[in-house]
Amino acid sequence: MNNIFVYCEVSEEGSIADVSLELLSKGKKLADDLNVKLEAVVIGNKVLNLEALLYPYGVDVIHYAEDERLFPYTTLPHASIILDLFGKEKPEIALFGATSIGRDIAPRVASALRCGLTADCTSLEIGDHFENKSQTEYKNLLYQIRPAFGGNIIATIINPETRPQMATVREGVMKKEIFSNKFKGKLKKMDAKSILKDDDFAVTIIERHMEKSKIDIKNSQVIISGGYGVGSKENFNLLFQLADILGAQVGASRAAVDAGFVEHERQVGQTGVTVRPKLYIACGISGAVQHRAGMDQSAQIISINTDISAPINSIADFTIVGNVADVIPKMIKYYKKNSK
Amino acid sequence: MRFRIIVLAKQVPDTRNVGKDAMKADGTVNRAALPAIFNPEDLHALEQALSIKDKIPEAEVIILTMGPFRAAEIIREAMYRGADRGYLITDRKFAGSDTLATSYALSLACKKLAPYHLVISGRQAIDGDTAQVGPQTAEKLGIPQITYAEEILSVDAKKIIVKRRLEMGVEVVNSTLPAAITVHGSAPVCRQRVAKLLMKYKHARTVTELQNETKDYTELYNDRPYLLIDEWTADDLNAQVEMLGLSGSPTKVKKIENVVFQHKDSKVMGSSDKEIESLMQELIGSHIIG
């Protein structure tokens, strides 16, 4: 069987993005399950400490394409390099971050290779499949698991016939884990100049304004999250007040973001951020499965909801039946009173 | 050459408003209970196309959708808002298409509509959230792609300048034409229906829809051929059957699980002062907060 490849995004600082390190960590486990090697694909310019950074994740081979035209990212040159590499190496599995880069390049590559791609997986596993129609047994396929259809179902997707089996995964879904600080792989440089053609530069970047997101809910130990049930932008201010006092961050469900209560950067869930805080307070959130996929690993969950049958309550440690606008001020009051 | 814009749009079940009757007693999704709507980001895409037409009046906006017969509804909706004409790709052979098979069929239809300058679609559809069909259609057409577009800053017959909205900021890019663009939800919302266009196109029908009409409209459609919405089948597109539907879809659904809530031992409490105070004391006491 061939190897597992992870497309590694180069960050603004010239390092490798967290989401890619998380995917390498997961990729290493899958590679061990399948008894194959883990290979990283890095496309950029003057990437810092590449080998020292990636080998500890158990990377056997780093494929590095370096050219000043390869950073910042544009679609066509990166696609050409990946297609050249995959054409030679024929990966068994290829993983991409479900970021604005990964979700731009992975479908383009999958289309060119005519292979299957599953977006925003929340879990990846290895398993077998028996196809009744053709009476064919497939061993060791990649199960690509994701909520679907508005979160009412969880689908397991497979690509029995085509290779690589491709998937994208959001930042924070997989855990970043060092395999061994002593692990050493090897670096293979790709000849970018000979692969790239003039046509690859049909799109040019005129201007860029990148900033590290000021909102960092992923690394917060306490998250106060609001849903559509919070009711208004004004009521969200209560959540911000509580968050200030607790040193917490404010998160939101997709419905609250769609309603314009808060910015998209705060969205928790399958199409937002995945979080694992010590405490998650869900305010007026009903708890569609896509939302729960992004927070159900929280150590403690408190749900504040007027509806006692809201799905979120079933994974909550505490369910406060009540109105957010009534309960939050009380929490603020009694926190202040008891915290000294 | 007339500036031609193809807008790719999809009719989707409104998964954002899943009510209690959306699930059947056996736990499966009751699709009939979900209203079918114009995919929201595709409406943003239509607006971008129409705003180009505002600047280049001779530009034409063609709406292209793949789906069952009833998807003609969104073609009419687009015409009420300013699209010039529309095509419905519909065939049983398309059933079960994943994004790869879908983009194959859409790309064939785009080729039939060539020469075009732009293929614009929403970033993603709310029933799948994959964001794959736009880039995959671009790849099959062999044209560059600009995803996450928020604003088209300028366009002429040869090039386009687009502002993209990314996770970490914004980027302004220049592309040669033809190009494919996927439009982000942060782009301006679509203009409303125009009364004059509503009157003009309210009888626009596909052939299939006409066959189900009780009145005979033959004369009307002879008079006003623009009221006929074209339907294209797999044969009309000269599609290779093995690349359509289930056989053209490399991804297979192995298993569907209805969402089962795993009950924790949840402590249910009211919102009285006493109850909230004792909860806060417990959280502080266990060092979860404070």
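Residues numbered from 1 in each chain as written. Chains lettered and ligands numbered in written order. Predicted model: local features only at pLDDT ≥ 70, side-chain atom pairs only at ≥ 80, totals over all residues. Heavy atoms only, no water.

### Considerations on the overall build of chain B
The condition is simple: Only DSSP runs of H or I covering at least 4 residues are called helices, and only runs of E covering at least 2 are called strands; the numbering of each starts at the N terminus. Note on classification: 1.4 Å probe, protein chains only; a residue is buried when its accessible area is under 20% of the maximum for its type, exposed when over 50%, partly exposed between these limits. Residue contacts follow a heavy-atom distance rule, with two residues in contact if any of their heavy atoms lie within 4.5 Å.
Along the backbone of chain B there are 8 helices and 14 strands. Referenced to the eigenvectors of the C-alpha coordinate spread, the extents of chain B come out at roughly 75 × 50 × 45 Å. Within chain B, buried positions represent 56% of all 290 residues. Restricting to contacts in chain B with at least 6 residues of sequence separation, those with at least 24 account for 69%.

### What about the domain arrangement of chain A?
All names here are of chain A. Applied cut-off: Where each domain starts and ends follows an automatic or database-derived domain assignment. Summed over both partners, buried area is the accessible surface (1.4 Å probe) that two parts give up on being assembled. Note on definitions: salt bridges are taken to be side-chain nitrogens of Lys or Arg within 4 Å of carboxyl oxygens of Asp or Glu. Residues are grouped as follows: Ala, Val, Leu, Ile, Met, Phe, Trp, Tyr, Cys and Pro are nonpolar; Asp, Glu, Lys and Arg are charged; every other residue, Gly included, is polar.
What the domain assignment reports for chain A is domain 1 (4-201) and domain 2 (222-338). Spacing between the C-alpha centres of domain 1 and domain 2 amounts to 33 Å. Residue-level contacts link 14 residues of domain 1 with 8 residues of domain 2. With both chains or domains summed, domain 1 and domain 2 bury close to 860 Å², and 49% of this area falls on carbon and sulfur atoms. For the pair domain 1 and domain 2, the number of links is 0 salt bridges. A per-class count over the side of domain 1 that touches domain 2 returns 4 nonpolar, 5 polar and 5 charged.

### Some words on unusual backbone geometry
The amide bond that connects A:R163 to the next residue, A:P164, takes the cis arrangement and shows omega of 0°. Here A:P164 is to be found in the loop between β8 (153-158) and β9 (165-169). The peptide bond linking B:L177 to B:P178 adopts the cis configuration, its omega dihedral lying at 0°. Looking at where B:P178 falls in the secondary structure, it is placed in the loop between β9 (169-176) and β10 (179-183).

### Regarding the interface of chain A and chain B
Using the following cut-off: Polar contact is the term for a pair of N or O atoms within 3.5 Å; when the atoms are in protein, one must be able to donate a hydrogen and the other to accept it, and sequence-neighboring residues count only if both atoms are side-chain atoms. Only strands joined by at least two bridges in the DSSP assignment are considered to pair.
With 84 residues of chain A in contact, the opposing surface of chain B contributes 78 residues. Summed over both sides, the interface of chain A with chain B buries roughly 6900 Å², with 57% coming from carbon and sulfur. Linking chain A to chain B there are 5 salt bridges. The salt bridge involving A:K330 is made with B:D273; its shortest N-O contact spans 3.7 Å. Counting the contacts that link chain A with chain B gives 34 residue pairs in polar contact (both at pLDDT 80 or more). By residue class, the composition of the side of chain A that touches chain B is 38 nonpolar, 24 polar and 22 charged. Here strand β11 (residues 203-210) of chain A pairs with β9(B) via 7 bridges, running antiparallel. Looking at the pairing, A:M210 lines up with B:G169 of β9(B).

### Quick look at the sheet that holds strand β12 (residues 222-226) of chain A
Which entries qualify depends on this criterion: For helices, the fitted axis covers only the stretch in contact; all axes are lines through C-alpha atoms, and the angles between them, taken along N-to-C directions, range from 0 to 180 degrees.
Pairing within the open sheet is parallel, and its 6 strands lie in the order β13(A)-β12(A)-β14(A)-β15(A)-β16(A)-β14(B). Whereas interior strands pair on both sides, the edge strands pair on one side only; in this sheet they are β13 (249-252) of chain A together with β14 (267-269) of chain B. Neighbour-to-neighbour, the strand axes of the sheet open up by a mean angle of 20°, direction not taken into account. Sheet topology note: the strand β14 (residues 279-283) of chain A/strand β15 (residues 300-305) of chain A ladder contains 5 bridges and is parallel. Residue A:A282 lies in a different strand from β15(A), and its bridge partner there is A:S303. Where helix α9 (residues 324-338) of chain A meets the sheet, its contacts fall on β14, β15 and β16 (318-321) of chain A, and the angle it forms with β15(A) comes to roughly 135°.

### Some remarks on the environment of B:A125
All names here are of chain B. Locating A125 in the fold gives a position in the loop between β6 (118-122) and α4 (133-141). The class for A125 is buried, based on a relative accessible area of 15%. For A125 and G270, which are 145 residues apart along the polypeptide, the C-alpha to C-alpha distance reads 40 Å. Sequence-distant contacts of A125, that is, excluding residues within four places in its chain, are made with K10, V12 and N39.

### Side note on the packing of helix α4 (residues 102-113) of chain A against α4(B)
Here is the rule we go by: By the definition adopted for this analysis, an angle is roughly parallel if under 35 degrees, roughly antiparallel if over 145, roughly perpendicular if from 65 to 115, and oblique otherwise. Whether a crossing is left-handed or right-handed is set by the direction in which the near helix is turned from the far one by less than a right angle, anticlockwise for left-handed and clockwise for right-handed.
Following both chains from N to C, one finds α4(A) and α4(B) inclined at 45°, their axes separated by 8 Å at the closest point. Accordingly, the angle class assigned to the pair α4(A) and α4(B) is oblique. For α4(A) against α4(B), the interelement crossing comes out right-handed. Contacts between α4(A) and α4(B) involve A:R103, A:D104, A:P107, A:R108, A:A110, A:S111 and A:A112 from the first element and B:P135, B:Q136, B:A138, B:E139 and B:K140 from the second. Among the residues forming the contact of α4(A) with α4(B), the class breakdown is 5 nonpolar, 2 polar and 5 charged.

### Let's talk about the side chain of A:H291
Residues and elements named next belong to chain A. Turning to its location among the elements, H291 is positioned in helix α8 (residues 289-293). A relative accessible area of 5% means that H291 is categorised as buried. Other than its neighbours up to four places away in sequence, H291 contacts S225, A252, S253, V268, G269, Y280, I285 and I312.

### Describing the packing of α9(A) against helix α8 (residues 273-285) of chain B
Two numbers describe how α9(A) lies on α8(B): the axes approach to 9 Å, and their chain directions differ by 50°. Taken together, the axis directions place α9(A) and α8(B) in an arrangement best described as oblique. The hand of the α9(A)/α8(B) crossing is right-handed. On α8(B), the residues that touch A:V327, A:K330, A:M331, A:K333, A:Y334, A:Y335, A:K337 and A:N338 of α9(A) are B:D273, B:I276, B:E277, B:L279, B:M280, B:Q281 and B:I284. Residue classes in the contact of α9(A) with α8(B) are distributed as 8 nonpolar, 2 polar and 5 charged.

### Here we look at the sheet that holds strand β4 (residues 93-97) of chain A
Residue and element names in this part refer to chain A. Spatially, the 7 strands line up as an open sheet ordered β5-β9-β4-β1-β2-β3-β10, and their pairing is parallel. Since the sheet does not close on itself, it has two edges, and those belong to β5 (117-121) and β10 (186-190), each with one partner. The average undirected angle you get between the axes of adjacent strands in this sheet is 20°. Looking at chain direction, strand β2 (residues 38-44) and strand β3 (residues 61-66) are connected through 6 bridges and run parallel. Residue pairing for β3: E39 is matched across the bridge by V61. Relative to β2, helix α3 (residues 75-89) is tilted by about 155°, and along the sheet it contacts β1 (4-8), β2, β3, β4 and β10.

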